[in-house]
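Tertiary structure, described
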Amino acid sequence: MTTWWKSGSPWVWLNAGAVSISIIMVFGLLLLILVRGFGNFWPHQIVETTYENPVTGEQVEVIGERRRSETLTGQALREAGIPIPDDQVLVTRHLFKLGNRDLTGQDFAYFIDDFMGEWRYPRDITVLERREWGDFLGTPVRLIEDGQVVAEGEALWPEFQKRLARSNRLFDEIRQIEREEIGNINFRLERVRLDQRRAELRGTLTPELEQEFVSRRAALNEEYAVLQERLRNLSAENRRDAIVMRAPNGEEPTIRLEQIVKAWQPNNMSIPAKVAFYIDDFIGFIVGYPREANTEGGIFPAIFGTVVMVLVMSILVTPFGVLAAIYLREYAKQGALLKTIRISVYNLAGVPSIVFGVFGLGFFIYLTGGAIDRTFYPEALPAPTFGTPGLFWASLTLALLTLPVVIVSTEEGLARIPASLREGSLALGATKGETLWQVVVPLATPAMMTGLILAIARAAGEVAPLMLVGVVKLAPTLPIDGNFPFLHLERKIMHLGFHIYDVGFQSPNAEAAEQLVYATALILVLLIVVLNLTAITVRNHLREKYRAEGD
Amino acid sequence: MTASTEQTLEFGSSLLPSRERREKLRKVRRFRDGFSRYGVGTAGIGVIIALALIFVYLFYEAYPLLKPAAIQVAKEITILADEDSSDTVHLTLDRFETIGGRFSSSGIITFFDVETGKILARENVPVPEGETVTAFGRSESRKSLFVYGFSDGSVLPLKIDYRQTFPQGVRVITPTLEFPLGDEPIRVGGGITGNYSALTIVDGRGGYIVAAGTDSGDIAMAMFRARRNMLTGSVELSREDYDLPSIQRPVTQLFVNESLRNLFAIDEEGALFNIDIVDPKNPRILERVDLVPEGVSATAAAFLVGSRSLIVGGSDGSLSQWILVRNEDTGEANLTRIRGFRQQSGAITFIEPEYSRKGFLAGDDTGRVSLHYATSSVTLKQLEATAEPVVRIAISPINRLALVKAENADHLQVLTIDNPHPQTSLSALWGKVWYEGRGQPEFIWQSSSADDAFESKFSLTPLTIGTLKAALFAMLLATPLAIMGAIYTAYFMAKPMRRIVKPSIELMEALPTVILGFLAGIWLAPYIENHLPIIFVGALLIPFGMLVAGFSWSRLPSGFRGIIPPGWEAALLVPVVIVLGWITVESSPWIELAFFDGSMRQWFTNVGIPYDQRNALIVGLAMGFAVIPTIFSIAEDAVFNVPRHLTQGSLALGATSWQTVVGVVLPTASPGIFSAVMIGFGRAVGETMIVLMASGNSPIVNFNLFEGMRTLAANIAVELPETAVGSTHFRVLFLSALVLLLFTFVLNTVAEVVRQRLRKRYASI
């Protein structure tokens, strides 16, 4: 023992333990995100049971999905006012998702195991995902068309599925009209208004021109009226079907099919059916739009916003970072001043990102954006165009933030090019510029890519500065659409990281949103991994290519 | 291609292009080379300038906070064609700084153009037939209420309103006289006699009070309550009159605060009587306070905006601020002196508070006017405005222009004031400040409130302490884990394992902090709250268990041990740590039962340690996690790059490998490890999302592990989007960004220089 102690082995073991703990933390965390994130879409079994309220002694029916269980000390619960017998030391309680928020006002509830009856899994329990008020859990009673009963009992479910598909088709059509076509008309109407205002400001508004604006506006309004009429017809058609459901408390509400996103009977599903449902749900999450203050639905705008922002940032940061690095390494006079500049640039990589956000808000948005608005968009004032947070400023701020990363990496790459190559090129009579652009820079491309990878990885996960310079909780439009000029740099965007912050911490129904946030976190991690992997593949490809050339 | 082939054929002897072509080519190449040189140069320098701009711009936004205030006499104006030669009792200025108003003792109010002195309007106060004006009183400036006292003992309250109209699109302001409490003079109180020597009016919570004091010490007041008729919408006023206790000596000044709870009467000698009027039927004198030392009299006094603090000027030129401070023992609020200002050279003759913040102008009898600010307790500027004693001062509602009337002068001095950010002196930003309504000087960050008369509290100390607290707890977790891990990975670990471990730990760095923050806030915080013993048991059990595992391993038969070569201890320990962790989690409720009456969180609260769900412990764990890869990566490089011949020499001399680590590796690599810690610390200081999501964000000043904090970075993220551009708050946030920038920049520079030296040293060994 003493010799073992004296040899210093305990310290070695402790150091080894530090590594083990770090590794467990990394993989544990990834596992947690994976399990919780992917688990979100699985159609879990629904429990039906009875619960005797420990305080009032009241007996209630419960239908719900068990979310998690935990073991607490009896004392802790006694202090919370629940009459646990004094001799019981440990208590297990389960968190159930109950749904039916509109009926009971309670989406989630804790149930203490000891007061629960037997858990049953009836096959006909149905979950309805609704467009408002969250999920409904209950059993279907009858299907209604314009007040007439169409199906009951065994025949109900297949008929319901058919009618739900029809209703969803109608809904998609309605949404298509609302989002795309009416959005397009609004965009053009706004453009007419701006054109007119511009002409007014410039003093070129002739009566003929004014007449033209009036007719343009009238034409658009006419188009709008036609769409409006179509919308009215579609919604009237969509109000046809409804289903009567029985809630666990005995109420039998009627739910219109237009209110239902999808329906499933988890206790009645086979494993393959569940897998199919799972995949469908996952895809729906990726390509869907958020609902109910972002706590339900998909995250497509957030994914789209993140990717577009990172791409615009890459386009901005790469040339400037590379040029700066080339200047520092190849052209600038090496000396004490340059050394100081270099250290300073490197150190900017360690400056808190929020500082860049503050700079972006003050300098880019208020100062530069304000000036741009006054010069180029006077017709839109006082509504700011570029003088407000938006995609371009977010990308530019992130570009500035990641500039040091690209510079450092590129410089390292340039430094690694052997002097013999340069000298060879120069000896053959090439100018410095030719040597640089035809020999040195191509060889350093993999290093530049590495820099870009690091920049992208950092940018995609960065949230703090974006909160100041362009990310919002809900953007009405995507930054790219079919209206000229297609890429709208001034628009506000949604962002996965900010989505996590917003839904997890600012949402009124945090419990309901929790699962969604885990899934979003998972997507963000996956996105970063994918972006990284793509860039790494590109780099390796380039490395191979130039290695062959360099040899 | 074909062209050049033809050429070569033509010349035959040489493959070179023609002379002209070569020259042209040379020109093109020279041009390209120059273009590359200057293009790259411009872009490179441009980028460096852009990065340097961050410093410049942040400083540029924060600089106005440090700029001293300026006040100067812009001009003198004479009110043209003013036949009213009686004394000036009051001066006003409107919001747009174009119209001045002079209230004279003959009951005439003259409005004039501040630029030219031309008379714009003249209003006559309806003085009763045959009587004269004997007294004048006013409310806080922003309410614009005044009261005239007449020689028959009646008083008349009135109000000045500036109406805005836009005929032909041009703004025209018309000052008008209004009588919110009726246009008939009234008698205040039951039956006080003698001349009114002090009058005041206040528009407070629940009604108006007009109070009057006489030179025999009697005080009376009329209380007006406004009731809105629900049906007709008209406002009905009811009036009640009360006689207050006499102070038995001439009243020189009277004040009623906006809460309508206290009436302050000041006598000639500077004694203040604090009369409780909460129940006006039973008024009582709460206390008598000497505002100035013996032999000095209180020559001027005024409420600051919000009427929570009283500024008192003495005949010796002294200025002091008094507020009501609740006495813990008696439960009564006593008027307490909380700070003094720089003494002026002559007796204070008039004090004019600012409209929307806690500053004021004071004039004295040597003609000086000085600008003070209460919160930051600074005298911003002193100015010799005239040679004569100052009689009245008016400041505009936007604090940029002032009028000064000197004794025996028939003109007014117009002062321009440039004083946008008086709240932020060095001591107000970093020191303890005694704010209005508080019992003692404190560090407080409270930037905004709905109240107009709110005193903004910009102390950066709670935020700085919060930042250091968060970083400290994060470093407490990260430093040992990262450094020990780095030593092991670089020095002991087997090569194949290192190839997996190093990138894995560095992978943590790419993990967005928003995810860490979310997990910490949503998952970890509630979990730890219910399973608090895990932290303490884990911190003891896991290291101990690792030692036991190590020892047991050394006792195993050597044949068995040979299966796993040295350098794989970390892999061996993974299952051990998982099992120990599981034990820790499972034992948590039992430990709570055995030692903490079933709930450790409750137990902490009972012993007097407050517990917030989102606290420094959670932040420390999450941010520690985020900082580990940074420290690990740099420290690992430093240890790994220790020249092999050093360690081999040590081992050859018979040292064990651990002795080599302690004696050779660590001393050599310590600068690298030091810089790793510095860079990690820099990252912890600036981290925003984790703190924002896991800390609760309350700006408190303590180092309790179980309470939250608000850091500089999180504060910026929360408040900057909602503040007005160019306001003091905006600039203070820029200042805190600048502080963060400089702090991390210096930290990183030191670390970088240390690392470069180390690299040189390695190269030379």
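Quick caveat: nothing in here was measured; it's all calculated off a predicted structure.

Moving on to the UniProt feature "transmembrane region" (unreviewed entry) in chain B. Residues and elements named next belong to chain B. Under the local residue numbering, the UniProt record ascribes the feature "transmembrane region" (unreviewed entry) to residues 35-60, 470-494, 506-528, 534-554, 616-640, 661-681 and 730-751. Helix makes up 100% of residues 35-60 and strand 0%, whereas the separation of the span's terminal C-alpha atoms amounts to 35 Å. Secondary structure content for residues 534-554 is 100% helix and 0% strand, and the end C-alpha separation is 29 Å.

In this section: the packing of helix α4 (residues 461-492) of chain B against helix α13 (residues 657-686) of chain B. All names here are of chain B. Put simply, α4 and α13 touch, their axes get as near as 9 Å, and they point 145° apart. Handedness of the crossing formed by α4 with α13: right-handed. Contacts between α4 and α13 involve T467, A470, A471, A474, M475, A478, T479, I483, I487 and Y491 from the first element and V661, V665, I673, V677, G680, F681, A684 and V685 from the second. Grouping the amino acids of the contact of α4 with α13 by side-chain chemistry returns 15 nonpolar, 3 polar and no charged.

This next bit is on the pairing of strand β21 (residues 333-341) of chain B. Residues and elements named next belong to chain B. Across 8 bridges, the pairing between strand β20 (residues 319-326) and β21 is antiparallel. By the bridge assignment, S320 is partnered in β21 with G340. Linking β20 back to β21 in an antiparallel pair, the connection comprises 6 residues, with G331 at a positive phi of about 80°.

A separate point is the sheet that holds strand β25 (residues 378-384) of chain B. Residue and element names in this part refer to chain B. The strand order across the open sheet built from 4 strands is β22-β23-β24-β25, with neighbouring strands paired in antiparallel fashion. A strand with exactly one partner marks an edge of an open sheet, and here the two such strands are β22 (348-353) and β25. Strand-to-strand twist in this sheet, taken as the mean axis angle between neighbours without regard to direction, amounts to 20°. Pairing between β22 and strand β23 (residues 359-364): 5 bridges, direction antiparallel. Counterpart to F350 in the pairing with β23 is G363.

Turning our attention to the environment of D502 of chain A. Residues and elements named next belong to chain A. In this structure, D502 sits in helix α15 (residues 496-506). In this structure the C-alpha to C-alpha distance between D502 and S7, which are 495 residues apart in sequence, comes to 53 Å. The residues touching D502, leaving out its near neighbours within four places in the chain, are N294 and K473.

The next point concerns the nonpolar core. Counting 206 residues, the largest nonpolar core has V358 of chain A together with I515, V619, A622, I631, A635 and I690 of chain B as its most contacted members. Filtering out sequence-adjacent residues up to four positions away, I515 of chain B remains in contact with I33, I500, A521, L524 and V525 of chain A. Core analysis: the next-biggest nonpolar cluster, separate from the first, contains 102 residues, V133, L244, L371 and A385 of chain B among them.

What follows concerns the packing of helix α9 (residues 336-348) of chain A against helix α11 (residues 391-416) of chain A. Residues and elements named next belong to chain A. The contact between α9 and α11 brings their axes to 7 Å, and the two run at 125°. Between α9 and α11, the crossing angle belongs to the class labelled oblique. Once α9 is placed against α11, the crossing between them reads as left-handed. Side by side, α9 and α11 meet where V345, Y346 and L348 of the first sit next to P404, I407 and V408 of the second. In terms of residue class, the contact of α9 with α11 is made up of 6 nonpolar, no polar and no charged.

So, on to the UniProt feature "domain: ABC transmembrane type-1" (unreviewed entry) in chain B. Here, the residues flagged by UniProt with the feature "domain: ABC transmembrane type-1" (unreviewed entry) are residues 464-751 of chain B. In residues 464-751 of chain B, helix accounts for 78% and strand for 0%; the two terminal C-alpha atoms are 22 Å from one another.

Here the focus is the interface of chain A and chain B. The partner chain B presents 85 residues to the 82 residues of chain A that form the contact. Sorting elements by how many residues they give to the side of chain A that touches chain B places helix α2 (residues 9-39) of chain A first, with 19 residues. Taken together, the residues of the side of chain A that touches chain B sort by class into 58 nonpolar, 21 polar and 3 charged.

Take the pairing of strand β24 (residues 368-373) of chain B next. Residue and element names in this part refer to chain B. β24 sits mainly inside the fold: 6 of its 6 residues count as buried. Neither face of β24 is open: one carries R368, S370 and H372, the other V369, L371 and Y373, and all of them are buried. Relative to β24, β23 runs antiparallel, the two sharing 5 bridges. By the bridge assignment, G363 is partnered in β24 with V369. Hairpin connection, β23 to β24: the antiparallel pair is bridged by 3 residues, and G367 has positive phi, about 90°. Note: β24 against β25, 6 bridges, orientation antiparallel.

Calculation criteria
- Residues numbered from 1 in each chain as written.
- Chains lettered and ligands numbered in written order.
- Predicted model: local features only at pLDDT ≥ 70, side-chain atom pairs only at ≥ 80, totals over all residues.
- UniProt positions renumbered as here; feature names shortened; annotations may be inferred.
- Helix = DSSP H or I, 4+ residues; strand = E, 2+ residues; numbered from the N terminus.
- Axes fitted to C-alpha atoms, helices over the stretch in contact; angles between N-to-C directions.
- Left-handed = near helix turned anticlockwise from the far one by under 90°.
- Contact = placed C-beta atoms within 7 Å.
- Nonpolar A, V, L, I, M, F, W, Y, C, P; charged D, E, K, R; others polar.
- Pairing = 2+ DSSP bridges.
- Core = buried A, V, L, I, M, F, W, Y, C linked by C-beta atoms within 7 Å.
- Buried ≥ 20, exposed ≤ 12 C-beta atoms within 10 Å, placed from the backbone.
- Parallel < 35°, antiparallel > 145°, perpendicular 65-115°, else oblique.

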